[in-house]
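Descriptive structure summary
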Amino acid sequence: MIECRKIYKEFRGQSVLEDVNLKFQDGKIYGIIGKNGSGKTQLLKIIAGLSRPSEGDVLIDGVVLKKGEYAQNIGLVSDCIGFLPQYTATENLYSLAMIQKKIGMNEIEQILRIVGLDPNSKKVYKKFSLGMKQKLAIAQAFMEKPKILLLDEPMNGLDEDSIGEMRQFFKEYVKKNQALMILTSHNREDIEVMCDRIYKISNRKIRVEEE
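First things first, this report covers the structure right here in the doc. (Residues numbered from 1 in each chain as written. Predicted model: local features only at pLDDT ≥ 70, side-chain atom pairs only at ≥ 80, totals over all residues. Heavy atoms only, no water.)

Here's the deal with the packing of aromatic side chains
Across all of its chains, the model carries 10 aromatic pairs by this definition. Both rings, one in F169 and one in F170, keep their centres 6.1 Å apart while their planes meet at 50°; by these two values the pair is tilted. Overall, the relative accessible area of 0% leaves F170 in the buried class. Ring pairing ties together the aromatic residues F142, F169, F170 and Y173, which thus form one cluster. Taking the ring centre of Y125 as reference, the NZ or CZ of K133 above it sits at 5.4 Å. (Phe/Tyr/Trp six-rings, centres within 6.5 Å; stacked < 30°, edge-to-face > 60°. Buried < 20%, exposed > 50% of the residue type's maximum accessible area, 1.4 Å probe, protein only. Lys NZ or Arg CZ within 6 Å of the ring centre and 35° of its normal.)

Printed below as a string of structure tokens:
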């Protein structure tokens, strides 16, 4: 379970989030909607430990995420994920997998096929289309089978068929692994089709939009 307690975030002298109090339970998908710059991305980064709240706390399974700590066992799709431009999809994932050494080449090849990338392709990342780059970002988020998924606009750049496949994959993954998924999307349909609960950020505050 993830809990946000009285989160306040100030960025460049302006408040971005105010008095955010939320609880996220395992086995569910949560959607966050709001205009560009409303604080959606900032909230995910705070939960992941990539950004510190100006005030308030994030608790994961009842333990406060302290300054300098990163949330463990999470998968993240975010603009902060960097890939090596001269590496193929497989080489990029392998280099990331070697950091914790939880998985090997079999798991890497499997997740690449799931997202629709060829693990044997010799095309390097700098020559990828936007859709291919997004598929690789999704693959790295899921490859180590995390219990928490924080996905910031995960469908960006994907074609209609790929969007349908990813929606189904996300739902099946959460159900099978009793994972917790929080995602943002500019596509209202993504949120409505996948999410058990929807939150809306408006005027720096967040509220339940619908059950």
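Next comes the rest of the account.
Let's talk about the packing of helix α2 (residues 89-100) against helix α4 (residues 130-142)
Put simply, α2 and α4 touch, their axes get as near as 11 Å, and they point 30° apart. Judged by the inter-axis angle, α2 sits roughly parallel to α4. Relative to α4, the crossing made by α2 is right-handed. Contacts between α2 and α4 involve A89, N92, L93 and L96 from the former and L136, A139 and Q140 from the latter. Here the contact of α2 with α4 is composed, by residue class, of 5 nonpolar, 2 polar and no charged. (Axes fitted to C-alpha atoms, helices over the stretch in contact; angles between N-to-C directions. Helix = DSSP H or I, 4+ residues; strand = E, 2+ residues; numbered from the N terminus. Parallel < 35°, antiparallel > 145°, perpendicular 65-115°, else oblique. Left-handed = near helix turned anticlockwise from the far one by under 90°. Contact = heavy atoms within 4.5 Å. Nonpolar A, V, L, I, M, F, W, Y, C, P; charged D, E, K, R; others polar.)

Focus: the pattern of salt bridges
Counted according to the given criterion, the structure contains 4 salt bridges. Salt-bridge contacts for R167 lead to E189; the nearest nitrogen and oxygen are separated by 3.3 Å. On the criterion of sequence distance, the pair formed by R167 in helix α5 (residues 160-177) and E189 in helix α6 (residues 188-194) is long-range, its members being 22 residues apart. A relative accessible area of 12% places R167 in the buried class. We note a salt bridge from D190 to R167, for which the minimum N-O separation is 2.7 Å. Placement of the pair is D190 in helix α6 and R167 in helix α5, with a sequence separation of 23 residues. Like R167, D190 is buried. Salt bridges sharing common partners tie together R167, E189 and D190. (Salt bridge = Lys/Arg side-chain N within 4 Å of Asp/Glu carboxyl O.)

Topic: a negative patch on the surface
Among the surface-exposed residues, D159, E160, D161 and E165 lie close enough to one another that they form a single negatively charged patch. By the secondary structure assignment, D161 is in helix α5. (Patch = residues over 30% accessible without salt bridge, like charges linked within 9 Å, V, L, I, M, F, W, Y side chains within 5 Å. Areas by Shrake-Rupley, 256 points an atom, 1.4 Å probe, with all protein chains shown as cover. Lys, Arg positive; Asp, Glu negative; His and termini not counted. Charge placed at Lys NZ, Arg CZ, Asp CG, Glu CD.)

Topic: the environment of K145
Counting through the fold element by element, K145 comes out in the loop between α4 and β7 (148-152). Judged by its relative accessible area of 47%, K145 falls in the partly exposed class. If near-sequence neighbours (up to four positions away) are discounted, K145 is found in contact with N73, Q110 and Y173.

Looking at the pairing of strand β8 (residues 180-184)
Counting buried positions over the 5 residues of β8 gives 5, a clear majority of the element. Of the two faces of β8, both are covered, the one formed by L180, I182 and T184 as well as the one formed by M181 and L183. In terms of strand pairing, strand β3 (residues 29-33) meets β8 through 4 bridges, oriented parallel. Paired with I32 across the bridge in β8 is T184. As paired elements, β7 and β8 share 5 bridges and run parallel to each other. Each residue of the ladder has a partner; that of L149, found in β8, is M181. (Pairing = 2+ DSSP bridges.)

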